[in-house]
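Reading the structure
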Amino acid sequence: GCDFDAVDDSVSCGTADVFTENSAITISAWANPDSTGEGGFGRIVNRSSSALTGPNFRVGGTNDIRFSVTGTTNLLRRSNNNSFSTGQWQHFLVTWDGSTTAANVHIYVNGLEVGYQTTTNGATLTDNSGQTFLIGNDATSADTFDGQIDELAVWSVVLTAGEIANLANSRIKGIPLQIQPSSLQYYFPMDDQETGTSADGDTVRDLSGKENNGTGADGANNIGLTWQDEQVL
């Protein structure tokens, strides 16, 4: 996986028409958060420019997990506090049908759906065409993830409960390639270089078949974003 420094690390994956404001999606990742991230928020994925917050999937300062999409009213679903733990590997997953109904967002940790404290329907969701898909940050480097992200995959459909359980419980690297491959838009095994080496400027391969490769950037801080072995798969 890649280890993000909670300061300014990111992986930029281009502007492919994935994770839009109005289409179904499933996002799956293994992560080991060291904390809740920069300023109390750490983005697992985000699609934005400097002028647009965009859709995002992130962890928050009360160990909650949030999925939101920008609009005149932001669509938001936020888990209960203490839905995940720091300092250990967990499987994070969200599904959304692309509607403005926030109850149609479902967040899972280790294959089990969480409880929710906030469910706010969206209105007039903001067009994000042409915006950049980022791992571990937003475009302004304001919410950098703190810790490791690995085996990140994105589908353009809502996966079934059985498929979600398989992703969380199989503990096999590459399992996203076996689940609805025709709908798989990104799959980053994040094992491209040796442990402990810098990922700055490195290609982060997308093996979905769509060739939406990412590029690592450790930012002006220049001490973060390293390749690291994970101990869970």
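Above this text sits the structure in question.
Residues numbered from 1 in each chain as written. Predicted model: local features only at pLDDT ≥ 70, side-chain atom pairs only at ≥ 80, totals over all residues. Heavy atoms only, no water.

This model, assessed by the stated rule, comprises seven aromatic pairs. Each ring, one from Phe4 and one from Phe145, has its centre 6.5 Å from the other, and the planes form 85°; the classification is edge-to-face. In this pair, Phe4 is assigned in strand 1 (residues 2–5) and Phe145 in the loop between strand 14 (132–135) and strand 15 (146–155), connecting sequence segments 141 residues apart. According to the relative accessible area criterion, Phe4 is buried, its value standing at 1%. A centroid spacing of 6.0 Å and a plane angle of 35° characterise the contact between Phe19 and Phe67, whose relative ring orientation is tilted. Remark: Phe67 occurs in strand 6 (residues 65–69) and Phe19 occurs in the loop between strand 2 (10–12) and strand 3 (25–33); sequence separation between them is 48 residues. Judged by its relative accessible area of 2%, Phe19 falls in the buried class. An aromatic cluster is built from Phe19, Phe67, Trp96, Phe133, Tyr186 and Phe188, whose rings are joined through pairwise contacts. Residue placement shows Arg77 over the ring face of Tyr116; its charged tip is 3.6 Å from the ring centre. (Phe/Tyr/Trp six-rings, centres within 6.5 Å; stacked < 30°, edge-to-face > 60°. Helix = DSSP H or I, 4+ residues; strand = E, 2+ residues; numbered from the N terminus. Buried < 20%, exposed > 50% of the residue type's maximum accessible area, 1.4 Å probe, protein only. Lys NZ or Arg CZ within 6 Å of the ring centre and 35° of its normal.)

Under the criterion given, the structure shown has one cavity of 30 Å³ or more. By volume, the largest cavity amounts to about 50 Å³. Lining the largest cavity, in full, are Ser28, Trp30, His91, Glu151, Leu167, Ser170, Arg171, Ile172, Ile175, Pro176 and Leu233. In terms of residue class, the lining of the largest cavity is built from six nonpolar, three polar and two charged. (1 Å grid on protein atoms, 1.4 Å probe; cavity = no way out; pocket = protein on both sides within 12 Å on 5 of 7 lines; lining within 4 Å. Points joined across faces, edges and corners; volume = space filled by probe spheres on them. Nonpolar A, V, L, I, M, F, W, Y, C, P; charged D, E, K, R; others polar.)

Let us now look at the environment of Gly174. Residue placement: Gly174 occurs in the loop between helix 1 (161–169) and strand 16 (184–188). When the C-alpha positions of Gly174 and Glu151 are compared, they lie 7.7 Å apart, and in sequence the two are 23 residues distant. Here Gly174 is in contact with Glu151 and Tyr187, once residues within four sequence places are set aside. (Contact = heavy atoms within 4.5 Å.)

In the structure shown here, the tally under the stated rule is 11 salt bridges. Of the charged contacts, one joins Asp143 and Arg43 as a salt bridge, the two residues approaching to 2.8 Å between their closest N and O atoms. One end of the pair, Asp143, is in the loop between strand 14 and strand 15; the other, Arg43, is in strand 4 (residues 42–48), and 100 residues separate them in sequence. Look at Asp143 and you get buried, because its relative accessible area is 10%. (Salt bridge = Lys/Arg side-chain N within 4 Å of Asp/Glu carboxyl O.)

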